[in-house]
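Per-entry structural report
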Amino acid sequence: MRTLDAVITDSPVFEGLTQEQLELIGGCASNVGFEAGERLFREGDRADAFFLVRHGLVSLEAYVPNRGPITVETIGPGEIVGWSWLVPPYMWHFTGRAVDDVRAVQFDGACLRRKCDDDPVLGYELLTRFALVLVDRLQATRLQLMDVYGDNVG
Amino acid sequence: MAPLPYVVARKRRETRDVWTLELEPVDEAIEQIRPGQFTMLYRFGVGEAPISSSGDPELGFRLVHTMREAGQVTRGLCAAKPGDLVGVRGPFGNAWPVDTARGKDVVFVAGGIGLPPLRGAVYDVLAHRNGFGRVVLLYGGRSPGELVFRSDVERWRSRLDVDVEVTVDTAGHDWRGNVGVVTKLIPRAPFDPANAVAFVVGPEIMMRFAAAALIERGLPQESLWISMERTMRCGVGLCGHCQLGPTLICRDGPVYRWDEMRPWLEVAAL
Amino acid sequence: MAEVLAAADLGVLLGALRARGYRVVGPRVAAGVIQYAELDDAGDLPHGWTDEQAPGRYRLARRDDDAYFGYAVGPHSWKRELLPPRVRLWQASRDGLAVEEEETDYQPTAFVGVRPCELAAIAIQDRVFLDGRFADRDYAARRADVFLVAVECGSPSSLCFCSSLGTGPGATDGFDLALTELHAGEHRFLVRSGSSAGNAVLADLPTRPAARADLETAEQVVEAAARAQAGRFAAEDVHDLLLRNLESPHWDAVAERCLSCGNCTLVCPTCFCTHVEDTSSLDGETAARDRVWDTCFSLRYAEMHGGNTRPTTRARYRQWLTHKLATWEDQFGTSGCVGCGRCIAWCPAAIDIRAEVAAIRQEDAHAHA
């Protein structure tokens, strides 16, 4: 099994950061595992973390009255789960659940926020990278919203 | 060209409003259809619709067509029962250039009812599996209940030499697969973009996003093929309806190399 | 070799054609226009008539001579004969889905009075319907036994621009016989043959060999017709010009005037788009398919399940104009326009294809200056 540092270094999200910056980030990280069905976090709870998925699939779900939990998105290996730790009120908007057994790196949001406050260069780097994650997520959501399969016939 | 009578040999419900018909010639058969090509299917007294072949090319004279109940004609065709007759003209259009992928990785990207036009090409590649590198199928649907050819997809997924990822736009708790648009599967799909060929079918907007993601991944535009759709009346390039800029889709397509079609897709309402 | 036929003997030509089994169709005055219809004799021809044309305007007028072909072109074109507005393709019975194609043993037909621009239009439709991978069965049958009597153009209308496109006003090939109507001196026709069928008919006519003066007069007629329309349309680079201006604001300007009526496509001698109509008998035992003219201006033309790919007049006009003058070339290796001016005369909004292209050209020059 690879070390935590290696996982962080190899992640495309953190690509290009200096060794020093990676170490700062690594200081806020820990390895975590979730069994299939287990919750990573719950809608409405305080968001003090984000996850880099290493194995398995994490679903973001919302509970819809009459329909039960609806999965709005799944996030797989190499992808980031969670950006609510970045912006007030630091609250999860969806529930995160392990679809199958999940291994991930968990980052302590409060710890990272403190380091970003102390080191604005690191803060800028991280914010830029999360902006990319958000843009990708937004584009995908827009396409999803178009409900493009509704009228297509082959 | 007049339709030839075919009999509905088998009929399978794929989803709530999508059906697969297997057709056998009553007497005379059309030429052997190739994956990517289409026929004009005629429902007696109602009319004709262009429908892609979704059959395994090894099936010979048996035609397989999958369609959604969308208009009068397709509703009529989907209502046909085994033993009923339908008319067939074709085969029309061009085929997937599967041979250009020989020795390379093959990436199939299907959105919604875009899987049927690719199914024959998947069969073709798997029938000559050793001739290709990695084989990847990325399939996106609206919801789990609207996925077609589930048994095929499950069989391909269980093979060790095919990478299959399925995703849906929305799902309930019982769905244990991916949720999200199919383009999201492209960045982490296991293929070498420098040495791969991609075949993409789905709604035009989905093909545009998929093409962008594949090119971003490093796939050359010349290695990317899509299948186009427009209104068709004749199937043979004579009625004018399916033209899009410099091309008649029934005659020059429906399969196009991405860089040839892209400029015309960028002009709204062309 | 050119021959000369006296105008008084024009009926002999029509008779010779009929004697060879041809149904003879040509221009005659009806409903206030010069139409193409069956001719019984030369008296049916519109002699002494001309047409005055302007954008959105077509009027018959008397000439001060007895010319038989002293007009430009009317709303009809020969596509009515070769691609009739409605054709039954086949009928089928429910029992066994037995499809029976319509008989296509059409009577050979002689087209009399085919303008050079119309020869070009027929050649264009030949490319569409005969030269591709799939030839059209009905068109091929109708086209097979057509005898073409061209008449060089001596009376272009104010809308004609064939000389800018190289489709007229002289006839160089593609005909069986080509006539040039000559007035100076004796009223007569210079007759040239362009085929062995033409040679055979020509041999039946009471002609005399053409003298140098006849040939020179004929040349002058054609030259004058070309001169009259000089500079009316700049065709250079029109393919690329239009395709690099697909988002031009000028399309919006045209769309404000265009009624999306489709008249231009109906009168156009090359427009070939068709729709099919499937019908069944009341008892449901038999069904039929008809092919009918369609127009890219109709709402349903580009309708797909779930929407219309050209939902606006802007999109439809752009499709028509760019197809005609640009993408036709990509699709069929020839322009789709012959410069006959019909789309201008018969547009109820007086939209002028030449002016629209000129406006885009000007705007383009401005943008790239």
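Because the structure is predicted, anything quoted here is derived from the model rather than measured.

This brings us to a nonpolar patch on the surface. All names here are of chain A. Residues Trp83, Val87 and Leu134 make up a contiguous nonpolar surface patch of roughly 220 Å² in combined accessible area. Of note, leucine 134 is situated in helix α4 (residues 120-145). Taking the relative accessible area as the measure of exposure, leucine 134 reaches 31% and is therefore partly exposed.

Taken residue by residue, the interface counts 39 residues in chain B and 48 residues in chain C. It is Phe44, Leu238 and Gln243 of chain B that lose the most area in chain B upon contact with chain C, and together they represent 21% of the buried surface on that side. Note that arginine 289 of chain C is salt-bridged to glutamate 48 of chain B, the shortest N-O span being 2.7 Å. For the pair chain B and chain C, the interface holds 17 residue pairs in polar contact (both at pLDDT 80 or more). Only β4 (47-52), β6 (85-92) and β15 (247-248) of chain B provide two or more residues apiece to the side of chain B that touches chain C.

Following the criterion strictly, the structure yields one disulfide over all chains and no others. The residue that forms a disulfide with cysteine 28 of chain A is cysteine 111 of chain A, at a sulfur-sulfur distance of 1.9 Å. When the S-S torsion is -70 degrees, as for the bridge of cysteine 28 of chain A with cysteine 111 of chain A, the disulfide is left-handed. With cysteine 28 of chain A in the loop between α2 (19-26) and β1 (29-34) and cysteine 111 of chain A in helix α3 (residues 109-118), this pair connects stretches of sequence that are 83 residues apart. For the pair formed by cysteine 28 of chain A and cysteine 111 of chain A, the shared burial category is buried. Distance from the sulfur of cysteine 153 of chain C, which forms no disulfide, to the nearest cysteine sulfur (cysteine 160 of chain C) is 5.6 Å. Take cysteine 153 of chain C: its relative accessible area is 8%, and that puts it in the buried class.

Here the focus is the environment of aspartate 145 of chain C. All names here are of chain C. In this structure, aspartate 145 sits in the loop between α4 (137-144) and β9 (146-151). C-alpha of aspartate 145 to C-alpha of tyrosine 106: the two residues are 39 residues apart in sequence and 8.5 Å apart in space. Setting aside chain neighbours within four positions, we find aspartate 145 in contact with Tyr22, Pro108 and Thr109.

Time to look at the interface of chain B and chain A. Tallying the contact residues gives 34 residues for chain B and 28 residues for chain A. Between chain B and chain A, roughly 2700 Å² of surface is buried when both sides are summed, and carbon and sulfur atoms account for 54% of that area. For the pair chain B and chain A, the number of links is three salt bridges. Of the charged contacts, one joins arginine 188 of chain B and glutamate 79 of chain A as a salt bridge, the two residues approaching to 2.8 Å between their closest N and O atoms. Summed over the shared surface of chain B and chain A, the number is eleven residue pairs in polar contact (both at pLDDT 80 or more).

To continue, consider the nonpolar core. In terms of nonpolar packing, the biggest core is built from 112 residues, with Val200 and Leu214 of chain B together with Trp320 of chain C touching the most fellow members. By residue number, the principal contributor to this core is helix α3 (residues 116-130) of chain C, which donates eight residues. Other than its neighbours up to four places away in sequence, leucine 214 of chain B contacts Val107, Val109, Ile186, Phe191, Ala198, Val200, Leu219 and Leu224 of chain B. In terms of nonpolar packing, the next biggest core, distinct from the first, is built from 36 residues, Trp96, Val122, Val125 and Trp156 of chain B among them.

Here we come to the side chain of threonine 322 of chain C. Residue and element names in this part refer to chain C. Examined against the element boundaries, threonine 322 turns out to sit in helix α11 (residues 313-332). Here the side chain of threonine 322 touches arginine 318 through a polar contact of 2.5 Å, landing on its backbone oxygen. Those residues in contact with threonine 322 that lie beyond four places of it in its chain are Leu242, Leu246, Trp251, Thr327 and Trp328.

Turning our attention to the domain arrangement of chain B. Residue and element names in this part refer to chain B. We note that the domain assignment places domain 1 (4-92) and domain 2 (98-227) within chain B. For domain 1 and domain 2, the distance between their C-alpha centroids amounts to 24 Å. Taken together, the contact between domain 1 and domain 2 spans 17 residues of the former and 13 residues of the latter. Carbon and sulfur atoms make up 59% of the area that domain 1 and domain 2 hide from each other, which totals about 1200 Å². When the buried area of domain 1 at its contact with domain 2 is split by residue, Glu14, Thr15 and Ser54 rank highest and sum to 29% of it. Counting across the domain 1 and domain 2 interface gives zero salt bridges. Connecting domain 1 to domain 2 are two residue pairs in polar contact (both at pLDDT 80 or more). Those elements giving two or more residues to the side of domain 1 that touches domain 2 turn out to be β1 (4-15), β2 (18-25) and β5 (63-68). Along the lines of polarity and charge, the residues of the side of domain 1 that touches domain 2 split into five nonpolar, eight polar and four charged.

Let us now look at the pattern of salt bridges. Residues and elements named next belong to chain C. In this structure the tally under the stated criterion is 54 salt bridges over all chains. Between glutamate 186 and arginine 208 there is a salt bridge, and its shortest N-O distance comes to 3.7 Å. Of this pair, glutamate 186 sits in the loop between β10 (177-182) and β11 (188-193) while arginine 208 is found in strand β12 (residues 208-209), placing the two residues 22 residues apart along the sequence. Residue classification places glutamate 186 among the partly exposed residues on the basis of a relative accessible area of 41%.

On to the packing of α3 of chain C against α4 of chain C. Residue and element names in this part refer to chain C. Orientation of α3 relative to α4, taken along the N-to-C sense of each, is 140 degrees, at an axis distance of 9 Å. Comparing their axes, α4 and α3 come out oblique. Remark: the crossing between α3 and α4 carries left-handed chirality. Counted together, Ile122, Gln125, Asp126, Phe129 and Leu130 of α3 and Tyr139, Ala140 and Arg143 of α4 form the full contact between these two elements.

The rules behind these values
- Residues numbered from 1 in each chain as written.
- Chains lettered and ligands numbered in written order.
- Predicted model: local features only at pLDDT ≥ 70, side-chain atom pairs only at ≥ 80, totals over all residues.
- Heavy atoms only, no water.
- Patch = residues over 30% accessible without salt bridge, like charges linked within 9 Å, V, L, I, M, F, W, Y side chains within 5 Å.
- Areas by Shrake-Rupley, 256 points an atom, 1.4 Å probe, with all protein chains shown as cover.
- Salt bridge = Lys/Arg side-chain N within 4 Å of Asp/Glu carboxyl O.
- Helix = DSSP H or I, 4+ residues; strand = E, 2+ residues; numbered from the N terminus.
- Buried < 20%, exposed > 50% of the residue type's maximum accessible area, 1.4 Å probe, protein only.
- Contact = heavy atoms within 4.5 Å.
- Buried area = accessible area lost by both parts, 1.4 Å probe.
- Polar contact = N/O pair within 3.5 Å; in protein donor to acceptor, adjacent residues only side chain to side chain.
- Disulfide = S-S within 2.5 Å.
- Core = buried A, V, L, I, M, F, W, Y, C linked by side-chain atoms within 4.5 Å.
- Domains from an automatic or database assignment.
- Nonpolar A, V, L, I, M, F, W, Y, C, P; charged D, E, K, R; others polar.
- Axes fitted to C-alpha atoms, helices over the stretch in contact; angles between N-to-C directions.
- Parallel < 35°, antiparallel > 145°, perpendicular 65-115°, else oblique.
- Left-handed = near helix turned anticlockwise from the far one by under 90°.

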